[in-house]
Amino acid sequence: MRILITGISGFVGSHLAEWALAQGAQVIGALRWRSKTEHIEHLRNRVTLVESDLRDVLSVRNVLAEARPDVIIHLAAQSFVAASWQQPVETFYTNVISQMNLFEAMRQLGTAARFLVIGSSEEYGLVYPDELPILETNPLRPLSPYAVSKVAQDLMGWQYFKSYGMDIVRARAFNHTGPRRGDAFATSNFAKQVAEIEAGLREAVVLVGDLKPTRDFSDVRDIVRGYWLLLERGTPGEVYNLCSGAEWSIERMLNFLIGQSRVGRIEIRQDPARLRPSDVPALRGSAEKIEKAVGWRPTIPLEKTLTDLLEFWRHRVQARAT
Ligand code: A2R
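Residues numbered from 1 in each chain as written. Predicted model: local features only at pLDDT ≥ 70, side-chain atom pairs only at ≥ 80, totals over all residues. Heavy atoms only, no water.

(A) Representation of the overall build of the protein within the structure. Within the protein, the regular secondary structure consists of 10 helices and 13 strands. Radius of gyration (C-alpha) of the protein: 19 Å, near the 20 Å computed for a compact globule of 322 residues. Each principal axis of the C-alpha atoms in the protein carries an extent, and together these give about 60 × 50 × 40 Å. Here the protein holds 322 residues, and 55% of them are scored as buried. By sequence separation, contacts in the protein at least 24 residues apart represent 78% of the contacts at least 6 residues apart. Total accessible area on the protein is roughly 14000 Å²; 51% of this is exposed by carbon and sulfur atoms. When the 39 basic and 37 acidic side-chain charges of the protein are each reduced to a single mean position, those positions are 2 Å apart. (Helix = DSSP H or I, 4+ residues; strand = E, 2+ residues; numbered from the N terminus. Rg over C-alpha atoms; globule rule 2.2 N^0.38 Å. Buried < 20%, exposed > 50% of the residue type's maximum accessible area, 1.4 Å probe, protein only. Contact = heavy atoms within 4.5 Å. Areas by Shrake-Rupley, 256 points an atom, 1.4 Å probe, with all protein chains shown as cover. Lys, Arg positive; Asp, Glu negative; His and termini not counted. Charge placed at Lys NZ, Arg CZ, Asp CG, Glu CD.)

Structure below.
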């Protein structure tokens, strides 16, 4: 099977590429000429990389013509909620137009590949306590420019499926983390700060934003396995939550990481720059639908995920210091 992974150089893309290779797939990855490739250096000899900025429809056509994929997983995105407040237009353009370019190029070239749209739990946005756990049928009340862009991608997937009969499956992944997560994201940022404190590179203070929100976190390695199963066996047109069904506050994750640290006392200090205009207070999903459909449920405990994430940063901080 030939799989085209857009955003292969990103956090999820690198893990998905590893998983796909382990399943015996031929992996073609799309990335930009300026994309950092540190997460996929170890895979370079085993994947084919094609340069493309997905906002450029001509470039998208070239990728599809070269890749001739059986399946496409579209991971490329402006993926960071907080950045979407500063760059709402860039976020919307990248996330929505890139996917439209892919769909239109597929139609023009007659590419019949199965396509996995990557949505997000952020699409649900404002959720009232009596609406938990979140089912796929919950209302979508997005609370950030990023979330709106993901709703648009998600519904665009539905529309192209209905209008043109394209083989499109939609995923709504809840929060996921693990090794290689970008340091703009809270869990990874905390782990990096702890690793830097351990290495003596900063004072023993972890800067934080709002610690109260609770989130439904999974390990990225579970999430890519779920995406793979949806590519194999998901029902066209359907949408599936990928989540653990468990809630952790940001504070609990921070305390876990600090508890793992090799230094005595670490102070926690709030940094107003890290607070967002409107944050989703609580998200917890139900993965019942995907479990019934393809037998997926997460298996990696969050404690292991966070431990591996901290270990990732220890290696990285050490490598940078030497
Ligand atoms: O920005 P770059 O060049 O480093 O590449 C990123 C890529 N990307 C693009 N690729 C082609 N054309 C574009 N216009 C474009 N804009 C961004 O998307 C990078 O390789 C990837 C995003 O990686 P991360 O930021 O690490 O996101 P992550 O966590 O892997 O998220 C994957 C998907 C996204 O749809 C998220 O919205 C969702 O999962 O949560």
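(B) How the structure looks around the sheet that holds strand β5 (residues 114-120). Spatially, 7 strands are ordered β3-β2-β1-β4-β5-β6-β11 in an open sheet, and the strand pairing comes out parallel. Strands at the two margins of the open sheet, each flanked by one partner only, are β3 (48-51) and β11 (239-242). Here the average twist between neighbouring strands, direction ignored, is 20 degrees. Where β5 lies against strand β6 (residues 168-173), 6 bridges are found, and the strand directions are parallel. Across the sheet, residue leucine 116 finds its bridge partner in β6, namely valine 169. Against the sheet, helix α2 (residues 57-67) contacts β1 (2-6), β2 (26-31), β3 and β4 (71-74), and its axis sits at roughly 155 degrees relative to β1. Packing against the sheet, helix α7 (residues 220-233) makes contact with β1, β4, β5, β6 and β11, and its axis sits at approximately 140 degrees to β5. (Pairing = 2+ DSSP bridges. Axes fitted to C-alpha atoms, helices over the stretch in contact; angles between N-to-C directions.)

(C) The arrangement of the packing of helix α6 (residues 186-198) against helix α8 (residues 250-259) in detail. It is at 10 Å that the axes of α6 and α8 come closest, and there the two elements cross at 25 degrees. Relative to α8, α6 is oriented roughly parallel. Between α6 and α8 the crossing geometry is right-handed. Facing Thr187, Phe190, Ala191 and Val194 of α6, the residues of α8 in contact are Ile250, Met253, Leu254, Leu257 and Ile258. When grouped by side-chain class, the residues that make up the contact of α6 with α8 number 8 nonpolar, 1 polar and no charged. (Parallel < 35°, antiparallel > 145°, perpendicular 65-115°, else oblique. Left-handed = near helix turned anticlockwise from the far one by under 90°. Nonpolar A, V, L, I, M, F, W, Y, C, P; charged D, E, K, R; others polar.)

(D) Structural context of the site of the ligand. The environment of the ligand is formed by 20 residues, the closest being Arg32, Ser35, Ser79, Tyr146 and Lys150. Between the ligand and the protein, one listed contact pairs an oxygen atom with a backbone N or O atom of glycine 10 at 3.2 Å. Measuring from an oxygen atom of the ligand, one finds a side-chain N or O atom of arginine 32 at 2.7 Å. Relative to its free-state accessible area of 800 Å², the ligand is covered by the protein chains to the extent of 86%. Mapped by element, the contributors of at least two residues to the shell around the ligand are α1 (11-22) and α5 (145-164). When grouped by side-chain class, the residues that make up the shell around the ligand number 8 nonpolar, 7 polar and 5 charged. (Near = heavy atom within 4 Å. Polar contact = N/O pair within 3.5 Å; in protein donor to acceptor, adjacent residues only side chain to side chain.)

(E) Geometry of the domain arrangement of the protein. Partitioning the protein into structural domains gives domain 1 (2-176 + 217-242) and domain 2 (179-215 + 247-283 + 300-321). Across the boundary between the two partners, domain 1 contributes 24 residues, which contact 19 residues of domain 2. Buried area between domain 1 and domain 2, both sides added, is near 2300 Å², and the carbon and sulfur share of it is 59%. A salt bridge links glutamate 18 to arginine 180; the shortest N-O distance between them is 2.6 Å. Our enumeration of links across domain 1 and domain 2 arrives at 9 residue pairs in polar contact (both at pLDDT 80 or more). When contributions to the side of domain 1 that touches domain 2 are tallied by element, the ones reaching two or more residues are α1, α3 (81-86) and α7. The element that contributes the greatest number of residues to the side of domain 1 that touches domain 2 is α1, accounting for 4 residues. Tallied by class, the residues present in the side of domain 1 that touches domain 2 amount to 9 nonpolar, 9 polar and 6 charged. (Domains from an automatic or database assignment. Buried area = accessible area lost by both parts, 1.4 Å probe. Salt bridge = Lys/Arg side-chain N within 4 Å of Asp/Glu carboxyl O.)

(F) Just unusual backbone geometry, in detail. Cis geometry marks the peptide bond from leucine 132 to proline 133; its omega dihedral reads -5 degrees. Looking at the secondary structure, you find proline 133 in the loop between β5 and α5. Although it is not a glycine, arginine 68 sits at a positive phi angle of roughly 40 degrees. For arginine 68, the location among the structural elements is in the loop between α2 and β4. When its relative accessible area of 55% is taken as the criterion, arginine 68 is described as exposed. Positive phi values are uncommon outside glycine, yet arginine 180 reaches one of about 85 degrees. We classify arginine 180 as buried; its relative accessible area is 14%.

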